[in-house]
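Coordinate inspection notes
Residues per chain, in single letters:
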Amino acid sequence: AWNLPAYLTVLIAFGNIGPLAVTVSHRLCPPGRISEPWLIRSIHVLSLLSAGFLAVFWNGRVVVGGAEHSVPYLLLAYLLALGCCTSNVTFLPFMYSFPQQYIRSFFIGQGLSALFPCILALGQGVGRLECRNNTSSNGTEPRYLKENFPASSYFWGLFTFLAVSALAFIILPLWHKRGQKQPEQELGAETVPQEGADSEDSYPLRSSEDGKTEESSTLAEHPFWTPRNIYLLGLLGLSNALTNGVLPSVQTYSCLPYGADAYHWSVVLSNIANPAACFIAMCVLCRSSLGLGLIMAAGVLLGSYLMVLAALSPCPPLVGSTAGIVLVVLAWSLFLGLLSYLKVVIGSLLHEAGHSALLWCGAVIQAGSLIGALLMFPMVSIYHLFHSGRDCQDNCAF
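The numbering scheme is per chain: residues are counted from 1 as the chain's sequence reads. With the structure being a predicted model, the display of local features is reserved for residues of pLDDT at least 70 and the display and counting of side-chain atom pairs for 80 or more, all residues being used for whole-chain, interface and lining totals. The side-chain quantities take in all heavy atoms of the structure and omit both hydrogens and water.

Ring pairs shown here join Phe, Tyr and Trp side chains whose ring centres sit within 6.5 Å, with only the six-membered ring taken for Trp; geometry is labelled stacked below 30 degrees between planes, edge-to-face above 60, and tilted in between. A complete count under the given rule lists twelve aromatic pairs for this structure. In this structure an aromatic cluster arises from ring pairing among Phe 94, Phe 98, Tyr 102 and Phe 169. Its end group placed over the ring of Trp 38, Arg 41 keeps NZ or CZ at 4.7 Å from the ring centre. Our definition puts a charge over a ring when NZ of Lys or CZ of Arg is within 6 Å of the ring centre and also within 35 degrees of the ring normal.

Next up, the structure:
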């Protein structure tokens, strides 16, 4: 019911075992030993298998402790989260092989990865209901309408998105290689040194010890652990704790008191704000530490407002009014839009600090998400500090 987002948020958070293993391996293994392209291919395979099995076994139940539980669904959701969480500490460092604008394109794709499933869910029409008079009493009872297509079709849609991602990764080196050849043809053979087919430039997806050595010498001149970079990582961790852990755990409590439409529109429009913020970052990149701090402060204020709404559930202010619906949808959209812009800007700035900086960027993203989820789970599911309402009933009658 309303606690499902908290359970899923914690499962996704425990998917950070993957990023932790990759980060430790990068620290312990010799340079060039871990192949990021092969890690990425493994992530694609794991994600595709998980989504495919979800489409088939999502409604399976297992009796645990005398009660039925959706063990197959939760297990497969965890495996899918394991692959998706690990992508941040493999995709981002891998992007160091490409120009900086590719980082912004990466974050746009990440935003669209949330938007497309949300649109698919909106088209599915889950949560629609009508209130009918109860024949046994004077009250009303909810009658839930049938969805437009089953959950298995939704998971096959996710499988298709993941297949497109895997195909894009196969095409990416060919596209990048083609882009490198065009300037060489324009300059001519005399001014451009000829390189073999096995060179790093001709196939940029392969790990190189020479690249690691060159980066180490660069970092020796410009150390990564400067106050500014620590500040950027702190902002990044806090923003991801809020957007991926804290607020998603209570989104149902902040939105559903205003109705199912308010919940669905807040999810969809906030995920439209995500890629929109990434497009803005491609045009306007804020490099000011003060400016980034102000954006973070605005995001925290909006997040605090949403947290207050969740704490007052099922009777938040303006419940039952159009103004309440507009405010909660607007707050969610601005909240995710501002912090998405912040994450893209920080990712672009850390790209300038080298390959290891992007590895730390991905690790901090996942660490912040994990801390936020673990912080909220006991509040939502153990201590029950947030209260749900009942459909077709006046939950605020005294």
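Turning our eyes to something else, we now look at the side chain of Gln 366. Secondary structure is summarised from DSSP: a helix means a run of H or I of at least four residues, a strand means a run of E of at least two, and numbering begins at the N terminus for each. Structurally, Gln 366 is set in helix H13 (residues 355–382). The residues contacting Gln 366, other than those within four sequence positions of it, are Asn 16, Pro 19, Cys 85 and Asn 88. It only takes one pair of heavy atoms within 4.5 Å for two residues to be counted as in contact.

Turning to its location among the elements, Ile 280 is positioned in helix H10 (residues 260–283). Exposed residues in this analysis have more than 50% of their type's maximum accessible area, buried residues have under 20%, and partly exposed residues fall in between, with area computed by a 1.4 Å probe over protein chains only. For Ile 280, a relative accessible area of 48% translates into the label partly exposed. Counting along the chain gives 64 residues from Ile 280 to Val 344, while the straight-line C-alpha distance between them is 9.7 Å.

A separate point is the nonpolar core. Within the largest apolar cluster, 61 residues are counted, with the highest numbers of intra-cluster contacts made by Val 328 and Phe 335. Among the elements that make up this core, the one with the highest residue count is helix H12 (residues 322–351) (14 residues). When residues no more than four places from it in sequence are discounted, the contact partners of Phe 335 are Leu 242, Thr 243, Leu 247, Gly 299, Leu 302, Gly 303 and Leu 306. The nonpolar core is taken to be a set of buried Ala, Val, Leu, Ile, Met, Phe, Trp, Tyr and Cys residues, with the residues joined through side-chain atoms within 4.5 Å. In this structure, Ala 55, Phe 155, Leu 158 and Ala 166 belong to the second largest nonpolar core, which totals 13 residues.

Patches in this entry comprise residues that are over 30% relatively accessible and not in a salt bridge; like charges within 9 Å are linked, as are nonpolar side chains (Val, Leu, Ile, Met, Phe, Trp, Tyr) within 5 Å. Using a 1.4 Å probe, the Shrake-Rupley method yields the accessible areas, and only the shown protein chains count as cover for residues. Each salt bridge in this description consists of a side-chain nitrogen of Lys or Arg and a carboxyl oxygen of Asp or Glu lying within 4 Å of one another. Taken together, the side chains of Val 45, Leu 49, Phe 53, Val 56, Phe 57 and Trp 156 make up a nonpolar region of the molecular surface, amounting to roughly 590 Å² of accessible area. Ranked by residues supplied to the nonpolar patch, first place goes to helix H3 (residues 36–57) with five residues. Here Leu 49 is to be found in helix H3.

Take the confidence of the model for the chain next. Predicted confidence across the chain gives a mean pLDDT of 81, with 85% of residues reaching 70 or more. Residue-level confidence of the predictor is summarised by pLDDT, bounded by 0 at the bottom and 100 at the top. Confidence scores differ between elements of the chain, with helix H7 (residues 209–221) showing the lowest mean pLDDT of 47 and helix H11 (residues 289–311) the highest of 96. Of the regions scoring below 50 in pLDDT, residues 189–215 engages in 35 contacts with residues more than four places distant in sequence or in other chains.

This part covers helix H4 (residues 71–94). Taking 1.5 Å as the rise per residue, H4 with 24 residues should run 34 Å; its terminal C-alpha atoms sit 34 Å apart, in good agreement. To get the bend at a residue, fit one axis to the 7 residues ending there and another to the 7 starting there, then take the angle between the axes. A bend of about 35° at Ser 87 is the largest found in H4. In terms of burial, H4 is a largely internal element, 18 of the 24 residues being buried. What a helix should span is 1.5 Å times the count of its residues minus one.

Lines are fitted to the C-alpha atoms to define the axes, a helix being fitted only along its stretch in contact, and any angle between axes, read from their N-to-C directions, falls within 0 to 180 degrees. It is at 8 Å that the axes of helix H1 (residues 4–14) and helix H8 (residues 227–249) come closest, and there the two elements cross at 155°. One way to sum up the angle between H1 and H8 is to call them roughly antiparallel. The element H1 and its partner H8 pack so that their crossing is left-handed. Along its contact with H1, which presents Pro 5, Ala 6 and Thr 9, the element H8 presents Asn 244, Gly 245, Pro 248 and Ser 249. Note that the term roughly parallel is reserved for angles under 35 degrees, roughly antiparallel for angles over 145, roughly perpendicular for angles of 65 to 115, and oblique for everything else. By the definition used in this description, the sense in which the near helix is turned from the far one sets the handedness, with an anticlockwise turn below a right angle giving left-handed and a clockwise turn giving right-handed.

A separate point is H3. Compared with the 32 Å implied by 1.5 Å per residue over 22 residues, the 31 Å span of H3 between its first and last C-alpha is a close match. Three or more residues of H3 are buried, namely Glu 36, Pro 37, Ile 40, Ile 43, His 44, Ser 47, Leu 48, Ser 50, Ala 51, Gly 52, Leu 54 and Ala 55.

Here we take up unusual backbone geometry. Leave glycine aside and you will find that most residues have negative phi; peptide bonds, for their part, are mostly trans. That bond from Ser 313 to Pro 314 is cis: its omega, 10°, falls within 30 degrees of zero. With respect to the helices, strands and loops of the structure, Pro 314 is situated in the loop between H11 and H12. Not every positive phi belongs to a glycine, and Leu 318 is a case in point at roughly 60°. Along the chain, Leu 318 falls in the loop between H11 and H12. One non-glycine residue, His 384, lies in the positive phi region at around 50°. Within the secondary structure layout, His 384 lies in the segment after H13.

It is worth spelling out the environment of Phe 149 at this point. Mapping Phe 149 onto the fold places it in the loop between strand E4 (140–144) and helix H6 (151–187). Placed 28 residues apart in sequence, Phe 149 and Ala 121 show a C-alpha to C-alpha distance of 9.7 Å. Excluding residues that lie within four positions of it along the chain, Phe 149 makes contacts with Leu 120, Gly 123, Gln 124 and Tyr 154.

This part takes up the state of the cysteines. When the sulfur atoms of two cysteines come within 2.5 Å, that pair is taken as a disulfide. This model, assessed by the stated rule, comprises one disulfide. Between the sulfur of Cys 315 and that of Cys 396 lies a disulfide, 2.1 Å long from S to S. Its S-S torsion of about -120° marks the bond between Cys 315 and Cys 396 as left-handed, since a negative value means left-handed. Note that Cys 315 is positioned in the loop between H11 and H12 and Cys 396 in the segment after H13, a separation of 81 residues in sequence. The partly exposed category is assigned to Cys 315, whose relative accessible area is 27%. A residue is classified by how much of its surface remains accessible, and Cys 396, at 23% relative accessible area, is partly exposed.

Our next topic: the side chain of Gln 251. In this structure, Gln 251 sits in helix H9 (residues 251–255). Residues in contact with Gln 251, not counting those within four places in the same chain, are Tyr 263, Ser 266, Val 267 and Trp 332.

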